[in-house]
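Working through the structure, step by step
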Amino acid sequence: QVQLVESGGGLVQPGGSLRLSCAASGITFSMYAMSWYRQAPGKQREWVGTCISGGIANYPASVKGRFTISRDNAKNTVYLQMSSLKPEDTAAYYCKAVTGDLEYWGQGTQVTVSS
């Protein structure tokens, strides 16, 4: 059974930081590129970044410099470290595992940035 479980979401003030985790099971984790996406109500799903097995990560301009994706292959876990958070970062955050034609999604964790 393939399962991706996000955790670490919550309420944070603007300018604050939050670290999300995505724990994977049922897959050979090191074979998968791990990505983070987010979706706010009434908005399209947005790509937040991708981290390949070797640890190299890419990000869109909207989060570059503020968000960092890392992974621990031994723990089958990918992380999203978010800093300098803005209200527009408020969204449900999802992780995705991809290898070849296979794609799996987690169920998401809510991040709310508000004072």
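In this report, the structure presented in the accompanying data block is examined. This is a predicted model, so every value here is computed, not measured. (Residues numbered from 1 in each chain as written. Predicted model: local features only at pLDDT ≥ 70, side-chain atom pairs only at ≥ 80, totals over all residues. Heavy atoms only, no water.)

**Let's talk about the nonpolar core**
Judged by nonpolar contacts, the single largest core of 26 residues is most densely connected at Leu-20, Met-34, Trp-36, Phe-67, Leu-80, Met-82 and Tyr-93. Elements with a minimum of two residues in this core: strand E3 (18-25), strand E4 (33-39), strand E5 (46-51), strand E7 (67-72), strand E8 (77-82), strand E9 (91-99) and strand E11 (109-113). (Core = buried A, V, L, I, M, F, W, Y, C linked by side-chain atoms within 4.5 Å. Buried < 20%, exposed > 50% of the residue type's maximum accessible area, 1.4 Å probe, protein only. Helix = DSSP H or I, 4+ residues; strand = E, 2+ residues; numbered from the N terminus.)

**Section: the packing of aromatic side chains**
If you walk through the whole model with that rule in mind, you get 2 aromatic pairs. The ring of Tyr-79 carries the charged tip of Arg-19 above its face, separated from the ring centre by 3.9 Å. Positioned over the ring face of Tyr-37 is Arg-45, at 5.6 Å from the centre of the ring. (Phe/Tyr/Trp six-rings, centres within 6.5 Å; stacked < 30°, edge-to-face > 60°. Lys NZ or Arg CZ within 6 Å of the ring centre and 35° of its normal.)

**Looking at the pattern of salt bridges**
Scanning all chains against the criterion turns up 4 salt bridges. Residue Asp-89 pairs with Arg-38 through a salt bridge whose shortest N-O separation is 2.9 Å. Remark: Arg-38 occurs in strand E4 and Asp-89 occurs in the loop between E8 and E9; sequence separation between them is 51 residues. On the basis of relative accessibility, which here comes to 1%, the residue Asp-89 falls in the buried class. In this structure Arg-38 comes out as buried when scored by relative accessible area, which is 6%. Across the pair Lys-96 and Glu-103 runs a salt bridge whose closest N-O atoms are separated by 3.9 Å. A relative accessible area of 46% places Glu-103 in the partly exposed class. (Salt bridge = Lys/Arg side-chain N within 4 Å of Asp/Glu carboxyl O.)

**Remarks on the environment of Tyr-94**
Position of Tyr-94 among the secondary structure elements: in strand E9. The exposure class of Tyr-94 is partly exposed, given its relative accessible area of 22%. Here the alpha-carbon distance between Tyr-94 and Leu-4, two residues 90 residues apart in the chain, equals 9.2 Å. With sequence-adjacent residues up to four places away left out, Tyr-94 is seen in contact with Glu-6, Ser-35, Trp-36, Tyr-37, Gln-39, Trp-105, Gly-106, Gln-107 and Gly-108. (Contact = heavy atoms within 4.5 Å.)

**Structural notes on the state of the cysteines**
With the rule as written, the count across this model stands at 1 disulfide. Each disulfide pairs two cysteine sulfurs, and for Cys-22 the partner residue is Cys-95, the sulfurs being separated by 1.9 Å. With the S-S dihedral at roughly 45°, the linkage between Cys-22 and Cys-95 falls on the right-handed side. Taken together, the residues span a long stretch of sequence, with Cys-22 in strand E3 and Cys-95 in strand E9 at a distance of 73 residues. You'll find Cys-22 and Cys-95 in the same group, each marked buried. Cys-51 carries a free sulfur, and the closest cysteine sulfur to it, the one in Cys-22, is 12 Å from it. Of the residues examined, Cys-51 reaches a relative accessible area of 0% and is grouped as buried. (Disulfide = S-S within 2.5 Å.)

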